[in-house]
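For reference, the chains in residue letters:
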Amino acid sequence: MAIEGEAADVGAAAGIDTSKASIARVYDMFLGGKDNFAVDREVYETIQAVSPHGDDVAQSIRRWLIRVVRHLAGSEVGIDQFLDIGSGLPTVENTHEIAQRHNPDATVVYVDNDATVAAYGRALMEENDLTHFATADLRDPAALLATPHVAKLDFDRPVAMIQCATLHHIDDADDPAAFMRAYVDALPSGSYLAISHWWDPVDELPEGHLMARELEQRWRESSMGSGRYRTREEIGVLFGGLELLEPGLVELNHWWPDGPRMREISLVERLILGGVAYKP
Ligand SMILES: C[S@@+](CC[C@H](N)C(=O)[O-])C[C@H]1O[C@@H](n2cnc3c(N)ncnc32)[C@H](O)[C@@H]1O
């Protein structure tokens, strides 16, 4: 059920700006979520008008996240501390559910700066003693890493930092390469960094490049006001010099898929790359 009328008033009372689309709510719509306002639905429609396969993009991002967390939490890698930055609204298969399924002792700290995520997500994400939620702005690593829940992670042991579909909402003016380098410097040896990011395949896929330009313009002109499709090189820099695990920075459906491809992958679904890096 969409949030309207009385519920919208409750949203406003909870400090949620209902006049502006929220990244978290719009993204949640693409995942099939129901907690959204008219402003969010407007952005959703604008994007779907370019390609009706936006829902597939969100699903492939979620499937990639599941594969990454499963790999890192599983016995082969054995990470038991996850820092999921820009976690979004709770949905099906959240990071703590995946990690704790593979390692019941895994601690997961979610961070987001969205008022709706804080209002609706905190309860679900704090559903056991090893799962926490913190409000912080990811553009400020020092402040984020000092928030009480994050500071409780043991930075003398490996941590998996996840930036899933977050950094493409950060403008160049905020210098994501510089603050990602600060995160990488703070990560202990043996840590992993997973990033998925909208891609402008400028030299690799001409029709994809045109679509990326069109989508970027629509996202930025919407009331959400953010969105950057970066080149492969620009995304690569966000790993702060760390070495990527195989198969590198690739289209999400090419990152260790669960099995053979059973359907056509639409162009818009190809416009996002993901990779996982290791800090020796
Ligand atoms: C597209 S959603 C992705 C959510 C989740 N990571 C996933 O993959 O399902 C991007 C998330 O990043 C959050 N975000 C954007 N800018 C942020 C910032 N400056 N600080 C913290 N979170 C931010 C948004 O609120 C939103 O929840």
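Right above here is the structure, for reference.
Reading the values: the criteria
Residues numbered from 1 in each chain as written. Predicted model: local features only at pLDDT ≥ 70, side-chain atom pairs only at ≥ 80, totals over all residues. Heavy atoms only, no water. Helix = DSSP H or I, 4+ residues; strand = E, 2+ residues; numbered from the N terminus. Buried < 20%, exposed > 50% of the residue type's maximum accessible area, 1.4 Å probe, protein only. Contact = heavy atoms within 4.5 Å. Areas by Shrake-Rupley, 256 points an atom, 1.4 Å probe, with all protein chains shown as cover. Lys, Arg positive; Asp, Glu negative; His and termini not counted. Charge placed at Lys NZ, Arg CZ, Asp CG, Glu CD. 1 Å grid on protein atoms, 1.4 Å probe; cavity = no way out; pocket = protein on both sides within 12 Å on 5 of 7 lines; lining within 4 Å. Points joined across faces, edges and corners; volume = space filled by probe spheres on them. Nonpolar A, V, L, I, M, F, W, Y, C, P; charged D, E, K, R; others polar. Arc of directions from axis to C-beta. Polar contact = N/O pair within 3.5 Å; in protein donor to acceptor, adjacent residues only side chain to side chain. Pairing = 2+ DSSP bridges. Right-handed = clockwise from strand over helix to strand, strands pointing away.

Student: What is the right way to read the overall build of the chain from this model?
Tutor: In terms of helices and strands, the chain carries eleven helices and eight strands. Dimensions of the chain, computed from the C-alpha atoms along their principal axes, are close to 45 × 45 × 40 Å. Burial status across the chain gives 54% buried among its 280 residues. Considering only residue pairs separated by 6 or more positions, the chain has 72% of its internal contacts joining residues 24 or more positions apart. Element-wise, carbon and sulfur atoms account for 52% of the exposed surface of the chain, whose accessible area totals about 12200 Å². Side-chain charges of the chain comprise 24 positive and 46 negative groups, with the mean position of each set lying 2 Å from the other.

Student: Teacher, can you tell me more about empty space enclosed by the protein here?
Tutor: Empty space among the atoms can be located by rolling a probe the size of a water molecule over them. Tallied over the full model, the rule gives one cavity of 30 Å³ or more. Empty space within the largest cavity amounts to approximately 30 Å³. With three residues, the single largest contributor to the lining of the largest cavity is helix α2 (residues 23–30). Within the lining of the largest cavity, the residues separate by chemical class into four nonpolar, two polar and two charged.

Student: What is the right way to look at helix α6 (residues 115–125) in this model?
Tutor: Because an α-helix completes one turn every 3.6 residues, residues spaced three or four positions apart along the sequence face the same direction. Thr-116, Val-117, Ala-118, Gly-121 and Met-125 are the residues of α6 that are buried. Buried residues of α6 fall within an arc of 165° about the axis and therefore sit on the same side. Residues of α6 that are buried in the fold lie against α2, β2 (107–112) and β3 (131–135). Residue Asp-114 occupies the N-cap position of α6, its side-chain oxygen lying 2.7 Å from the main-chain nitrogen of Thr-116.

Student: Before we go on, may I ask you to explain the side chain of Thr-231 in this structure?
Tutor: Checked against the element boundaries, Thr-231 lands in the loop between α10 (206–221) and α11 (232–237). Ignoring sequence-local partners within four residues, the contact set of Thr-231 consists of Trp-199, Asp-200 and Val-202.

Student: Any chance you could explain the pairing of β3 here in plain terms?
Tutor: Every regular strand shows the same layout, with side chains that alternate between the two sheet faces. Here β3 lies mainly inside the structure; four of its five residues are buried. Sheet topology note: the β2/β3 ladder contains five bridges and is parallel. Residue pairing in the sheet places Tyr-110 in a bridge with Phe-133 of β3. The handedness of the β2 to β3 crossover, carried by α6, is right-handed.

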